[in-house]
Amino acid sequence: MVDTSIFSSILEHYQGLLSVYTAVGIMAVVFIGKRLLLLIPAIRQTQALNKKACEERNTRSFYPRVQKRVRVWGLLTDVVIFALVLPFCLTLEAQPWWKMLLDIFAILMVYDFFYYLTHRFLFHDGPLGGPLIWVHAVHHQQRNPCRADSSYLHPLEPVLGLALYAATIAVLAALMGRFHVATIVITWVAFSEINLHNHDLMEEDRFPFKYLKYMSFMPK
Ligand SMILES: [Zn+2]
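An account of the accompanying structure is given in this report. (Residues numbered from 1 in each chain as written. Predicted model: local features only at pLDDT ≥ 70, side-chain atom pairs only at ≥ 80, totals over all residues. Heavy atoms only, no water.)

### Some points on unusual backbone geometry
Reasoning step 1: One non-glycine residue, Asn-144, lies in the positive phi region at around 45 degrees.
Reasoning step 2: Take Asn-144: it is sitting in the loop between α6 (133-136) and α7 (156-176). (Helix = DSSP H or I, 4+ residues; strand = E, 2+ residues; numbered from the N terminus.)

### What about the state of the cysteines?
Reasoning step 1: In this structure the tally under the stated criterion is zero disulfides.
Reasoning step 2: As a non-bridged cysteine, Cys-54 has Cys-146 as the owner of its nearest cysteine sulfur, 5.8 Å distant. (Disulfide = S-S within 2.5 Å.)

### Examining the coordination of the zinc ion
Reasoning step 1: Of the protein atoms, only His-119 (NE2), His-124 (NE2), His-136 (NE2) and His-140 (NE2) coordinate the zinc ion, at distances of 2.0 to 2.1 Å.
Reasoning step 2: Motif for the zinc ion, donor spacing along one chain: H-x4-H-x11-H-x3-H. Taken together, the residues His-119 in helix α5 (residues 97-124) and His-140 in the loop between α6 and α7 connect sequence positions 21 residues apart.
Reasoning step 3: What makes His-140 partly exposed here is its relative accessible area of 24%. (Donors = N, O, S within 2.8 Å, 3.2 Å for Na, K, Ca; no water. Buried < 20%, exposed > 50% of the residue type's maximum accessible area, 1.4 Å probe, protein only.)

### Some words on the pattern of salt bridges
Reasoning step 1: Enumeration according to the criterion identifies six salt bridges in this entry.
Reasoning step 2: Between Lys-99 and Asp-103 there is a salt bridge whose closest N-O contact spans 2.8 Å. You can see Lys-99 and its partner Asp-103 sitting in helix α5, four residues apart, about one turn around the helix.
Reasoning step 3: Between Asp-200 and Arg-147 there is a salt bridge whose closest N-O contact spans 2.9 Å. On the criterion of sequence distance, the pair formed by Asp-200 in the loop between α8 (181-197) and α9 (210-217) and Arg-147 in the loop between α6 and α7 is long-range, its members being 53 residues apart. (Salt bridge = Lys/Arg side-chain N within 4 Å of Asp/Glu carboxyl O.)

### Section: a nonpolar patch on the surface
Reasoning step 1: A contiguous nonpolar surface patch, about 810 Å² in accessible area, is contributed by Trp-97, Trp-98, Leu-101, Leu-102, Val-171, Leu-175 and Met-176.
Reasoning step 2: Of all elements in the fold, only α5 and α7 reach the threshold of two or more residues within the nonpolar patch.
Reasoning step 3: When residues in the nonpolar patch are grouped by element, the largest group, four residues, is from α5.
Reasoning step 4: Looking at the secondary structure, you find Leu-102 in helix α5. (Patch = residues over 30% accessible without salt bridge, like charges linked within 9 Å, V, L, I, M, F, W, Y side chains within 5 Å. Areas by Shrake-Rupley, 256 points an atom, 1.4 Å probe, with all protein chains shown as cover.)

### Focus: helix α3 (residues 41-58)
Reasoning step 1: The end-to-end C-alpha separation of α3 is 26 Å, in line with the 26 Å expected for 18 residues at 1.5 Å each.
Reasoning step 2: Within α3, burial applies to Ala-42, Ile-43, Thr-46, Asn-50, Ala-53 and Arg-57. Looking down the long axis of α3, one finds its buried residues gathered within 95 degrees of arc, a one-sided arrangement. Facing away from the buried side of α3 by more than 90 degrees, the exposed set consists of Pro-41, Lys-51, Lys-52 and Glu-56.
Reasoning step 3: Looking at the buried residues of α3, the elements they touch are α2 (16-37) and α4 (62-85). (Expected span 1.5 Å × (residues − 1). Arc of directions from axis to C-beta. Contact = heavy atoms within 4.5 Å.)

### Things to note about the nonpolar core
Reasoning step 1: Grouped together as the largest cluster of nonpolar side chains are 25 residues, with contacts concentrated most on Leu-86, Ile-107, Tyr-165, Ile-169, Phe-179, Ile-184 and Trp-188.
Reasoning step 2: Mapped onto this core, the elements with two or more residues apiece are α2, α4, α5, α7 and α8.
Reasoning step 3: Grouped together as the second largest cluster of nonpolar side chains are eight residues, Ala-53, Val-66, Cys-146 and Tyr-152 included. (Core = buried A, V, L, I, M, F, W, Y, C linked by side-chain atoms within 4.5 Å.)

### Notes on the packing of aromatic side chains
Reasoning step 1: Applying the stated criterion across every chain yields a total of 10 aromatic pairs.
Reasoning step 2: Relative to Tyr-165, the ring of Tyr-111 lies with its centre 5.2 Å away and its plane at 85 degrees, an arrangement referred to as edge-to-face. One end of the pair, Tyr-111, is in helix α5; the other, Tyr-165, is in helix α7, and 54 residues separate them in sequence. For the residue pair Tyr-111 and Tyr-165, the accessibility class agrees, reading buried in each case.
Reasoning step 3: The ring centre of Phe-31 lies 3.8 Å from the NZ or CZ of Arg-35, which sits over that ring. (Phe/Tyr/Trp six-rings, centres within 6.5 Å; stacked < 30°, edge-to-face > 60°. Lys NZ or Arg CZ within 6 Å of the ring centre and 35° of its normal.)

Rendered as structure tokens:
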């Protein structure tokens with residue numbers, strides 16, 4: 001007879017519905033947040049600038065093909081993360097606000113530290129670049145990047161980036177306890193928005209947009 005106790009104990013900890021809530025929460029925050037941000041003229045202008053650059057790039061035959069491939073691989077990785085990783089890391093139990101703030105900070109900082117190491121030692125450093133320079137080289141083909149270029153990638157790159165992000169959440173959840181659904185919604189939106197914004201073309205340089213512009217021009 002097959003011992004089903006391992007499976008039943010895994011199933012006992014599996015919170016699939018919380019993963020669905022998280023996905024819906026992320027989509028709702030992005031949908032509403034985008035509309036609110038576009039009420040600000042400087043953000044509208046930045047969006048128009050990036051849209052124009054993206055339309056121009058889309059006239060090159062290979063550009064939309066590369067983007068489409070990334071969307072497919074990114075989506076498949078997301079499905080795996082939401083189906084197999086997040087259900088073991090989430091809770092809806094009430095938590096104090098400072099614990100949620102601390103969790104958000106920890107997830108983003110730990111991820112960023114490991115992404116820094118990945119970007120530097122797998123993609124860039126070394127006499128011929130890192131061992132995975134051939135993956136990352138696709139991304140650096142774009143000069144003077146615009147927002148759409150954040151997803152101009154070799155298909156392995158979104159898989160690596162998202163897997164690293166999911167691994168950060170899983171390891172930290174094991175160490176710190178399950179994260180609230182709202183914590184993961186906020187960090188997921190922040191993670192993707194930072195990734196998009198650091199490729200933005202941006203002209204607005206006055207307060208309070210100065211740092212946003214600096215972020216978008218920092219070396220990638
Ligand atoms: Zn790079």
